[in-house]
Number of protein chains: 2
Amino acid sequence: MSLDATLSKIDSDLSASIERLMEFLRIPSISTDPAFKKDVDKAADWLVDDLKSIGIDAKKHPTPGHPMVVGHVGDDADAPHVLFYGHYDVQPVDPLDLWNRDPFDPALEETEHGQVIRGRGSSDDKGQLMTFVEACRAWKAVNGKLPCRITFFFEGEEESGSPSLVPFLEANKEELKADLALVCDTSMVSRGVPSIASQLRGMLKDEFTIIGPRIDLHSGHYGGPGLNPLREISRIVASFYDEETGRVAVEGFYEGVHEVPAEQLRQWENCGFDEAEYLNSVGYTQPHGENGYSTLEQQWARPTLEINGLWGGYNGAGSKTVIPSQAHCKITCRLVGEMDPDKLRDKIRKHVEDRLSPDAKVVWDNDLEGSPASVMNLDRPEFEAARAALSDEWGREAVFTGMGGSIPVVGYFNTVLGLDSMLVGYANDDDAIHSPNEKYDVKSFHKGIRSWARILDALSR
Amino acid sequence: MSLDATLSKIDSDLSASIERLMEFLRIPSISTDPAFKKDVDKAADWLVDDLKSIGIDAKKHPTPGHPMVVGHVGDDADAPHVLFYGHYDVQPVDPLDLWNRDPFDPALEETEHGQVIRGRGSSDDKGQLMTFVEACRAWKAVNGKLPCRITFFFEGEEESGSPSLVPFLEANKEELKADLALVCDTSMVSRGVPSIASQLRGMLKDEFTIIGPRIDLHSGHYGGPGLNPLREISRIVASFYDEETGRVAVEGFYEGVHEVPAEQLRQWENCGFDEAEYLNSVGYTQPHGENGYSTLEQQWARPTLEINGLWGGYNGAGSKTVIPSQAHCKITCRLVGEMDPDKLRDKIRKHVEDRLSPDAKVVWDNDLEGSPASVMNLDRPEFEAARAALSDEWGREAVFTGMGGSIPVVGYFNTVLGLDSMLVGYANDDDAIHSPNEKYDVKSFHKGIRSWARILDALSR
């Protein structure tokens, strides 16, 4: 089995690989919007066909929601068995008027950092998952077989809360058995710095409505005596924070949070993170988290309470002299350490309820869940093998990083399948995932494919 | 000239009067929405035709916006000359799904307080202005002529900021000359308690946007270090208020505000205001204004800073892990005493700008205006004449009240035409003006017409 020949094949096949990715990107597989249900299904079919074309035994599995795609290849009982995960659904595109081209008409574009593939899903997650699929394609084409047994597992609901995921894992434990999960849905800590995520923050979602008067009121007739839910909600949201320290002021919020060990902190500070680029590229001149914590700690190791949506009253053109009946707020929290999402939800709700004025009521959305933070088991030999392989490809020491975001599937793989996960991804901070004009560097795609080829080779030794 | 015969005529003609009003209400004269421009024009035509049918010399006057309707009747130089003002445009209807019937398909309905006319504009302002027109119709039908010279002046932009009003007043001072303006666009302090508004609050409108990051951000990748404009705007809005005292905390906000003289306070407290009904009918158990001021003082004589709209981020179904780029806020202030709207705007803007975090910017809407508070000259004999006439009609002493709302035309009549105004209206608090399911009590309509007949008679003596 020749790694070098595989790498050459990857290089010579790059244009065709990009063409295949573009075909995949043209399918508007937006999972949150029922109007695109057929397209999500079409994307699953495309993936099944593409895997089959490599000689992978792949099938589409229906669920109450969007389908799962499961594939298997390899039967050498001595070879390591990995489960590769990605998601083939994409984020919605609004606001559409801020895109420079049709989000589902992908194209190669030149930028100051090189060539990119522009389009919704190019980075999150289709471009990324195809780096692994293309590595397998090249490996099989050159060598006839892959160096590991591989189970491919793709879902179509990652951008919409993965409602079918846990039931599917529970119902298919046997089929999804493996030694280790590989996930390609993360970014490099800095351009050109290969990264393996060693910890992820957890997530809690919640939503509340403050109700004041029974109906919208005229602000002349009721202005003064009338309690205004917008004033109420602003006061309550402001009370979530201690502006002096930058900490969240909800009682008990920091239970289960630990300080980062000095050694790990030192490693992080030397991982090549470009703080100036991270901040300046989006218009910040400084970090705005808790006092006394570095930007990286604020992003990787400290919890947050974030307001994702706040609204009420009149938002059209001109003016409207109204005291609205209701005000609304959507929040998500990032969790670290042993923070318990359910206990945290109770603490936040108590904080709000303790601060309501007379005549104000709160109604909570009871359909939102949470998941705790994850820490990877870096002692497993696969981590060092992958680290070395990445270092070879990128000509720079690969680093173990934290991550600001949450990937709930990692927790589910652990609790339902007993599976550890290794997260390797090639996205960049400026990929604009979840935003208009998303892109994926061609260099990320190309070297990502080569990286997986190297990693699969290293795992098999 | 017989008042009694006129009152009988009004009574016998009531059904026909209601029918005429319903015809008027069927025209969807929504002035803020360009889609209804033709309907606004049609309402002006209807009014001109109806005035002409009474023998009033009426004309539609085009403006850069919606037309003015001006009519004249009477040539007795010894008779008092009044200018009657109303507006024939109406509020938009959203949210439409909360209406129990088509807002422009008016109907009579039974309620716990008697029969009402249901429909957009029934109270604000078509039903009200028609009380005066119907009084004139009955008076003329019975007596051949009216007891006063009357100039009718109706605008079609009151619900959309009256942009054509001041230029029209300035260009038509001669034609709009009179001794006193009469305005029918206000409510009774309590059901069945006839009221003349003696003071109005002024108005200031403003709007601002807080901008944080250049683009929307992923709350995993930027949560912690990332400044969130929704957190920022909540903090700033909360800072507008001193929650301990209930006062507005903007520096200099209360300049030009005076305490209400004890004698006037005593009159107000005895004016029949039903505080429990006012509060409880909309779901309040207590007033929420400044400590140490009664509900009436809070509504009539104290200034406010009201949040009419607040929005930013995601407000759709489910969750979105976003830190939005922008947050928005619309405010209106009610002014009293000598508060200067332009100086107040500067104070509020300074308050916000002084509290911005690094990396947060504010952008202000520069197209919104303000108008100061108004106080009527109660020494004029017309006020006592009207008060006595109202007391006769309603079987209860009429009262001079304050008003929570603003009627900018009163200020313009004063500054441009040198005209004092007398505000008499028959609307009720539960009319749901500016809201779904607006109505006008038939009793208000009927006794309102009779009241104007009495007032015109009293003014002529």
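For chain A, the name recorded in an unreviewed UniProt entry is Succinyl-diaminopimelate desuccinylase, with Ruegeria arenilitoris as its organism.

Student: Explain the overall build of chain A to me, please; I cannot follow it from the model alone.
Tutor: Counting its regular elements, chain A contains 13 helices and 21 strands. Seen along its three principal axes, the alpha-carbon backbone of chain A occupies a region of about 80 × 50 × 50 Å. The buried share among the 461 residues of chain A stands at 61%. If you take every contact in chain A between residues at least 6 apart in sequence, the share linking residues at least 24 apart comes to 79%. Of the roughly 17,100 Å² of accessible surface on chain A, 48% is carried by carbon and sulfur atoms.

Student: So what exactly am I meant to see when it comes to helix α4 (residues 126-143) of chain A here?
Tutor: Helical geometry: 3.6 residues make up each α-helical turn, so side chains three or four residues apart lie on a common side. Residues and elements named next belong to chain A. In this model α4 runs 25 Å from its N-terminal to its C-terminal C-alpha over 18 residues, within 8% of the 26 Å that 1.5 Å per residue would give. With 14 of 18 residues buried, α4 lies mostly within the body of the structure. Within two residues after α4, glycine 144 carries a phi angle of roughly 85°, on the positive side.

Student: Explain the sheet that holds strand β5 (residues 114-118) of chain A here, please?
Tutor: For sheets, the rule is that strands pair by backbone hydrogen bonds, running either parallel or antiparallel. All names here are of chain A. If you walk across this open sheet you meet the three strands as β4-β5-β21, and the pairing is antiparallel. Pairing within the sheet leaves two strands with one partner each, and these edge strands are β4 (107-111) and β21 (439-441). The average undirected angle you get between the axes of adjacent strands in this sheet is 35°. Taken together, the five bridges between β4 and β5 define a ladder with antiparallel strand orientation.

Student: Got a minute to help me understand the sheet that holds strand β5 (residues 114-118) of chain B in this structure?
Tutor: Residues and elements named next belong to chain B. Reading across the sheet, the three strands line up as β4-β5-β21 and stay open at both edges, with antiparallel pairing between neighbours. Every interior strand has two partners, whereas the edge strands, β4 (107-111) and β21 (439-441), have only one. Between one strand and the next, the sheet's axes are offset by a mean angle of 35°, whatever the strand orientation. In terms of strand pairing, β5 meets β21 through three bridges, oriented antiparallel. The partner of valine 116 across the bridge, within β21, is aspartate 441.

Student: Would you mind showing me how to read the environment of Val166(A) here?
Tutor: On the secondary structure map, Val166(A) appears in helix α5 (residues 165-171). Once the C-alpha coordinates of Val166(A) and Thr415(A) are considered, the two residues, 249 residues apart in sequence, prove to be 9.8 Å apart.

Student: Is there a simple way to explain the domain arrangement of chain A in this structure?
Tutor: It is common to report an interface's size as the accessible area lost on association of the parts. Residues and elements named next belong to chain A. Taken domain by domain, chain A comprises domain 1 (3-200 + 373-459) and domain 2 (202-257 + 303-364). Here the C-alpha centre of domain 2 lies 37 Å away from the C-alpha centre of domain 1. Tallying the contact residues gives five residues for domain 1 and six residues for domain 2. A buried area of about 390 Å², summed over both sides, lies between domain 1 and domain 2, and 47% of it is on carbon and sulfur atoms. Of all residues in domain 1, the largest losses of buried area upon contact with domain 2 belong to Ala373, Gly404 and Ser406, amounting jointly to 80% of the total for that side. Seen at the junction of domain 1 and domain 2, the total is two residue pairs in polar contact (both at pLDDT 80 or more). Looking at the side of domain 1 that touches domain 2, its residues break down into two nonpolar, three polar and no charged.

Student: For this particular structure, what's the right way to read the pairing of strand β3 (residues 81-87) of chain A?
Tutor: Two faces make up the sheet, and in a regular strand the side chains alternate between them. All names here are of chain A. The buried fraction of β3 is high, at seven of seven residues. In the sheet, β3 pairs with strand β6 (residues 149-155) via seven bridges, with the strands oriented parallel. Residue pairing for β6: histidine 87 is matched across the bridge by glutamate 155. Relative to strand β7 (residues 180-183), β3 is paired through four bridges, and the arrangement is parallel. Across the sheet, the residue bridging to phenylalanine 84 is leucine 182, located in β7.

Student: Can you help me understand the interface of chain A and chain B in this one?
Tutor: Counting residues at the interface gives 77 residues for chain A and 77 residues for chain B. Across the chain A to chain B interface the summed buried area is about 6,700 Å²; carbon plus sulfur atoms make up 50%. On the chain A side of the contact with chain B, Pro225(A), Arg231(A) and Tyr284(A) bury the most area, a combined 11% of that side's loss. Summed over the shared surface of chain A and chain B, the result is two salt bridges. Residues Arg231(B) and Glu243(A) are paired through a salt bridge, measuring 3.3 Å at the closest nitrogen-oxygen approach. No other element matches strand β13 (residues 304-313) of chain A, which puts nine residues into the side of chain A that touches chain B. The residue inventory of the side of chain A that touches chain B, partitioned by class, reads 26 nonpolar, 36 polar and 15 charged. Relative to strand β13 (residues 304-313) of chain B, β13(A) runs antiparallel, the two sharing five bridges.

Student: I keep staring at the relation of the copies chain A and chain B and nothing clicks. Help me out?
Tutor: Here the second copy of the chain follows from the first by a rotation about an axis and a shift along it. It takes a turn of 180° to lay chain A on chain B, together with a shift of 0.1 Å along the axis; the resulting RMSD is 0.1 Å. On the angle and the small slide along the axis, the relation comes out as a two-fold axis. Counting the interface residues of chain A, we find that 100% of their copies in chain B are interface residues as well, pointing to one common contact surface.

Student: It is not clear to me how helix α1 (residues 3-12) of chain B should be interpreted in this structure. Could you clarify?
Tutor: All names here are of chain B. Those residues of α1 that sit buried are Leu3, Thr6, Leu7 and Ile10. The arc that holds every buried residue of α1, seen down its axis, measures 100°, which confines them to one face. Away from its buried face by more than 90 degrees, α1 exposes Asp4 and Ser12. Buried residues along α1 sit in contact with α2 (14-25), α4 (126-143) and α13 (442-459). Structurally, the start of α1 carries an N-cap: the backbone nitrogen of alanine 5 is 3.0 Å from a side-chain oxygen of serine 2.

Student: Whenever I open this one, the environment of Ala453(A) confuses me. Can you help?
Tutor: Residue and element names in this part refer to chain A. Relative to the helices and strands, alanine 453 resides in helix α13 (residues 442-459). Residue class for alanine 453 comes out buried when judged on its relative accessible area of 0%. With 307 residues separating them in the primary sequence, alanine 453 and leucine 146 have C-alpha atoms 9.6 Å apart. Each residue touching alanine 453, except ones within four places of it in the same chain, is listed here: Leu3, Thr6, Leu7, Ile10, Ala135 and Trp139.

Student: Which parts of the structure should I look at to understand the pairing of β13(B)?
Tutor: Residues and elements named next belong to chain B. Buried residues dominate β13, accounting for nine of its 10 residues. Relative to strand β15 (residues 326-335), β13 is paired through seven bridges, and the arrangement is antiparallel. When the bridges of β15 are listed, threonine 304 appears paired with arginine 334.

Definitions and cut-offs
- Every chain is numbered independently, its residues counted from 1 as its sequence is written.
- Chain A is the first chain written and ligand 1 is the first ligand written, with later ones labelled in order.
- The model is predicted, so local features are restricted to residues of pLDDT at least 70 and side-chain atom pairs to those at 80 or more, both for listing and for counting; the totals for chains, interfaces and linings are taken over all residues.
- Remark: hydrogens and water are excluded; side-chain values derive from all non-hydrogen atoms of the structure.
- Per the convention used, a helix needs a DSSP run of H or I reaching at least four residues, while a strand needs a run of E reaching at least two, with both numbered from the N terminus.
- Type-normalised accessible area, obtained with a 1.4 Å probe on protein chains alone, sets the label of each residue: buried when under 20%, exposed when over 50%, and partly exposed for intermediate values.
- The contact criterion used throughout is that any non-hydrogen atoms of two residues lie within 4.5 Å.
- Surface exposure here means Shrake-Rupley accessible area, sampled with a 1.4 Å probe, where a residue is shielded only by the protein chains that are shown.
- One fewer than the residue count of a helix, multiplied by 1.5 Å, yields its expected span.
- Two strands are said to pair when DSSP picks up at least two bridges between them.
- An axis is simply a line fitted to the C-alpha atoms; with a helix, the fit covers only the stretch in contact. Between two such axes, the angle follows the N-to-C directions and lies from 0 to 180 degrees.
- Reported domain spans reflect what an automatic or database domain assignment gives.
- Defined here as a combined quantity, buried area equals the accessible surface (1.4 Å probe) lost by two parts on assembly, summed across both.
- Residues adjacent in sequence count toward polar contacts only when both atoms are side-chain atoms; beyond that, a polar contact is any pair of N or O atoms within 3.5 Å, and within protein one must be able to donate a hydrogen and the other to accept it.
- For this classification, the nonpolar set comprises Ala, Val, Leu, Ile, Met, Phe, Trp, Tyr, Cys and Pro, the charged set comprises Asp, Glu, Lys and Arg, and every other residue, Gly included, is treated as polar.
- Salt bridge, as used here: a side-chain nitrogen of Lys or Arg that lies within 4 Å of a carboxyl oxygen of Asp or Glu.
- Alignment of the copies relies on least squares applied to C-alpha atoms, considering only residues that score at least 70 for pLDDT in both.
- In this description, the arc belongs to the directions extending from the helix axis to the C-beta atoms.

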